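Tertiary structure, described
What follows is each chain in one-letter form.
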Amino acid sequence: MDAVGRTIYLDYGAATPLDARVRTAMEPYGSELFFNPSAAYDEARRVRADIERARQTIAHLMGARADNLVFTAGATEANNLAFAALSDDAHVVSDAIEHESILACVERHAHAIVDVAGDGRIDPADVAEAVTPATELVSVGLANGEIGTVQPLRALARVVAQERARRLSAGEGRPIWLHTDASQAATALSINVSSLGVDLMTLSAAKMYGPKQVGLLWADDGIVLAPLIAGGGQERGLRSGTENVAGIIGFAHAFELASQLRASEMRRLEELRLRLVRPLTSAFPNAVIAGPRNVRLRLPGLLHLSFPGVEARRLVLLLGNEGVLVATGSACAASKMRISHVLSAIGMDEQTAAGSLRMTLGRPTTADEVDAAAGTIIRVVAAEYGRLGIRP
Amino acid sequence: MSGRVFVGLSGGVDSALCAALLAEQGYGVTCVYMRNWSRDLPGFTCPWADELADAERVAVSLGLDLAVWDCEQAYKETVVDYLVDAYARGFTPNPDVMCNQTVKFGTFAERAFAEGADFIATGHYAAVEHTAAGPATLLRAADERKDQTYFLWRVSGAVLNRVLFPIGSVPSKAGVREMCRARGLPIADKPDSDGICFIGPVGLRTFLLDSLERKAGDIVEWETGRVLGHHDGAFLFTVGQRRGLDLGGGPARYVVATDTGKNTVSVTADPKCPGLWTAEDVLEDVHWIAGSAPDAGEYLVRTRHTGTLRPAHVEPRADGTVRVFWPEEVRTVAPGQSAVIYDGRICLGGGIIGRHVVPACRTSPLRKF
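Residues numbered from 1 in each chain as written. Chains lettered and ligands numbered in written order. Predicted model: local features only at pLDDT ≥ 70, side-chain atom pairs only at ≥ 80, totals over all residues.

1. Things to note about the domain arrangement of chain B
All names here are of chain B. One can read the domain layout of chain B as domain 1 (4–182), domain 2 (213–268) and domain 3 (274–353). Summarising the inter-unit geometry, the C-alpha centres of domain 1 and domain 3 are found 25 Å apart. Facing 21 residues of domain 1, the contacting portion of domain 3 comprises 18 residues. Counting only elements with at least two residues in the side of domain 1 that touches domain 3, the list comes to β6 (137–140) and α5 (157–160). Here the element with the most residues in the side of domain 1 that touches domain 3 is β6; it accounts for four residues. (Domains from an automatic or database assignment. Contact = placed C-beta atoms within 7 Å. Helix = DSSP H or I, 4+ residues; strand = E, 2+ residues; numbered from the N terminus.)

Next up, the structure:
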């Protein structure tokens, strides 16, 4: 809690609050503009036009064409939709620190999982080696949500382009695409599809101060997607079901805001992260920071810090009682009884991994909050070390 | 008090207070969450992760360690398989009785003692008196309405000699909640769980249909043999059952008998039907907490959790079975259920109610089954 007893939320990687401006923009679509955008009368056609304007806005922000976007109910669905485009005998390449929604899709195909370095970075040469003539998709997240590693997508795009060129000259007809789930990156990194060199991209409104259950898959020209949800033929037949109008409008507003604020927020969050990490590592010299050190290779507002010997699950509860809300390793891994796959992949030992907290700073985070949180974390971690009789 | 005690923490109110009381009494307490079942079923979301989270909150608020032990294999082999197998054979078992015997006071106890526990403790409503050489004496809880000795009759007296039941002396469940609240335990207002521990309130039907094949069969009138309707598996029915027969109106009917071999369910509309009443029960698979059978005589017998304690003449036989003679006829209890025998407050042990020989119907020559 801060000086006036307010809760300090440091889990923006799990969920972001709806920005007030976004909420205001969404509101009419639940009331006076409730119309089904597929209906023929003018009122509904205006709603349809609003959706298309939102699509244009988002496409513009991604450097894409509006017709190449499919709105989905969130990033997990968009990831699944990307994988649904593959042939039955397709091979896929991904890496060991992807989100579960990617790994679960990867499991359904012949696949190769590329190892990552200790800071979570992928070596493009490893991807080149893992690609086979049957590989149709390379899927690598732009930024990892657990330890904050930013991946070298442009280099991966070159690997994919090389293989594409090889197949062309060899007369092999099988396509190969590069997909990225950029959900965790949208508030911090530029996500222009052509400068990243990707062929498919997943985004989520829920991670950029927009509504939950809205996401999108962008697929470049020439990629034939296969719908997961059949029905009335909305979204060019690729995602049936009446459009989540308010959600899509909110998505566009949230994305616009995120793009406007990106540069200043990046600097601000970087400073706040350092402000948080310094007192913690000086109080606990044994604490381990995961992810790259170089600010250009990491999410600026994410701090993954391990306190070897303590149980992070207890810390989260103890900190929650003190009004500081943080995550263990990752929200998904926290509900299971095992060490996060991301932490095993970067070679973290079990004892260190079990003591891992993920703190994600966000747009509303202030320096006062960070200072108060650091004080509380130091107190709680020290008490826990004391209880266990461990000298950190 | 001193010694190391391992407490089975379930995420519920009773085990939370159990851990708190033992810590206050000066025991070195280690909390253990036993994960016995984690699979979701159609229409049933297994709450284990939420229960574990509650157990963690409790342990954290008490400043105690919590270990998570995976007991799924033991639970599957000794409770789930037993349950499915018994139903498939037309019995109505008590999985909680098996769980206590083989998991909580079996696997869990063994591992706890191997890891240095002097005692184990659970949040059961029961009381135990230790003896120098064992076996211990098991007694009903102070709160008779919550007493759980009905589920503990198969636990060995030797293990009970190293078991603590601190909740058993609390006068009421309301008192347990009050004491949790007074200690600021985060689960003080959590509702009671009911139903079979791992299936929860969803019901056995979903669970059984997940394991056993549906098989269409007839529901016949016990008196006449007339087919009244159909069912999708005799194993889904229990003697005495009134609901779920789906016979489309008419008088309330009760299941008198099931035959999983012929896949028939016999019902009656007559509450006085002789098949629904018995003056005698035969108990098999008998267990005595003291290790040996008591003398034949008058005891109190209960055939249902917190059910009436009825005086009956109990006669242990040389073949290991027990005959229970009721002074007047009682409602037939489904075979597979437990009958638990008490001498005053002391729980002596019990047995599994065997299949009744349904008396021949005297009223109708049409009976065909």
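2. Regarding the nonpolar core
Ranked by size, the top nonpolar core spans 222 residues in total, and within it V5, V7, L9 and A19 of chain B carry the most contacts. With 13 residues, the single largest contributor to this core is helix α8 (residues 245–283) of chain A. In this structure L9 of chain B touches S15, A16, A19, C31, V32, Y33, A55, V58, A59 and L66 of chain B, once residues within four positions along its chain are discounted. (Core = buried A, V, L, I, M, F, W, Y, C linked by C-beta atoms within 7 Å. Buried ≥ 20, exposed ≤ 12 C-beta atoms within 10 Å, placed from the backbone.)

3. Brief notes about the domain arrangement of chain A
All names here are of chain A. For chain A, the assigned domains are domain 1 (8–17 + 263–385) and domain 2 (20–257). Centre-to-centre separation of domain 1 and domain 2, based on C-alpha positions: 28 Å. Every contact between the two is made by 27 residues of domain 1 and, on the other side, 24 residues of domain 2. Those elements that place two or more of their residues in the side of domain 1 that touches domain 2 are α8, β10 (302–306) and α11 (341–345). By residue number, the principal contributor to the side of domain 1 that touches domain 2 is α11, which donates three residues. Tallied by class, the residues present in the side of domain 1 that touches domain 2 amount to 13 nonpolar, ten polar and four charged. (Nonpolar A, V, L, I, M, F, W, Y, C, P; charged D, E, K, R; others polar.)

4. Let's talk about the interface of chain A and chain B
Interfaces are often sized by the amount of accessible area the parts lose when they come together. Contact residues are listed per partner, giving seven residues for chain A and six residues for chain B. In terms of residues, the side of chain A that touches chain B owes the most to one element, helix α9 (residues 312–321) of chain A, which gives four residues. Grouping the amino acids of the side of chain A that touches chain B by side-chain chemistry returns three nonpolar, one polar and three charged.

5. Things to note about the sheet that holds strand β11 (residues 264–268) of chain B
Neighbouring strands of a sheet are bound in pairs by backbone hydrogen bonds; such pairs are parallel or else antiparallel. All names here are of chain B. If you trace the four strands from one edge of the open sheet to the other, you get β9-β8-β11-β10, paired in mixed fashion. Here the strands that pair on one side only, and so sit at the sheet edges, are β9 (227–231) and β10 (254–259). Across the sheet, the axes of successive neighbouring strands diverge by a mean angle of 25°, strand direction being ignored. Two strands pair when backbone bridges link them, and strand β8 (residues 217–221) and β9 are joined in this way by four bridges, in the antiparallel orientation. Bridge pairing in β9 links V220 to V227. (Pairing = 2+ DSSP bridges. Axes fitted to C-alpha atoms, helices over the stretch in contact; angles between N-to-C directions.)

6. Details of the pairing of strand β13 (residues 297–302) of chain B
Residues and elements named next belong to chain B. Sheet topology places β13 next to strand β14 (residues 310–316); five bridges connect them, and they run antiparallel. Bridged to E298 within β14 is H313. Relative to strand β16 (residues 338–343), β13 is paired through three bridges, and the arrangement is antiparallel. Opposite L300, over in β16, you have Y342 as the bridge partner.

7. Brief notes about α8 of chain A
If you check α8 of chain A, its first and last C-alpha atoms are just 49 Å apart, much less than what 39 residues at 1.5 Å a residue would give, namely 57 Å. Where α8 of chain A bends most, the angle comes to about 60°, and this point is R262 of chain A. (Expected span 1.5 Å × (residues − 1). Bend = angle between axes of the 7 residues up to and from the residue.)

8. Looking at unusual backbone geometry
Residues other than glycine seldom take positive phi values, yet R236 of chain A does so here, at roughly 55°. Looking at the element boundaries, R236 of chain A is found in the loop between β8 (215–219) and α8. Residue classification places R236 of chain A among the exposed residues on the basis of 12 C-beta atoms within 10 Å. Positive phi, normally seen in glycine, also occurs at N263 of chain B, with a value near 60°. We classify N263 of chain B as partly exposed; it has 17 C-beta atoms within 10 Å.

9. A look at the packing of α9 of chain A against helix α13 (residues 367–388) of chain A
All names here are of chain A. Where α9 contacts α13, the two axes come as close as 10 Å, and the packing angle between them is 130°. The orientation of α9 relative to α13 falls into the category oblique. Handedness of the crossing formed by α9 with α13: right-handed. Where α9 abuts α13, its residues R314, L315, L318 and L319 lie against T376, I377, V380, V381 and E384. Its residues assigned to classes, the contact of α9 with α13 comprises six nonpolar, one polar and two charged. (Parallel < 35°, antiparallel > 145°, perpendicular 65-115°, else oblique. Left-handed = near helix turned anticlockwise from the far one by under 90°.)

10. Some points on helix α2 (residues 48–62) of chain B
Given a rise of 1.5 Å per residue, 15 residues ought to cover 21 Å, and the 21 Å separating the end C-alpha atoms of α2 of chain B matches this to within 8%. The elements touched by buried residues of α2 of chain B are α9 of chain A together with α1 (13–24), β2 (28–35) and β3 (65–70) of chain B. Following α2 of chain B by one or two positions, G63 of chain B has its phi on the positive side, about 65°.

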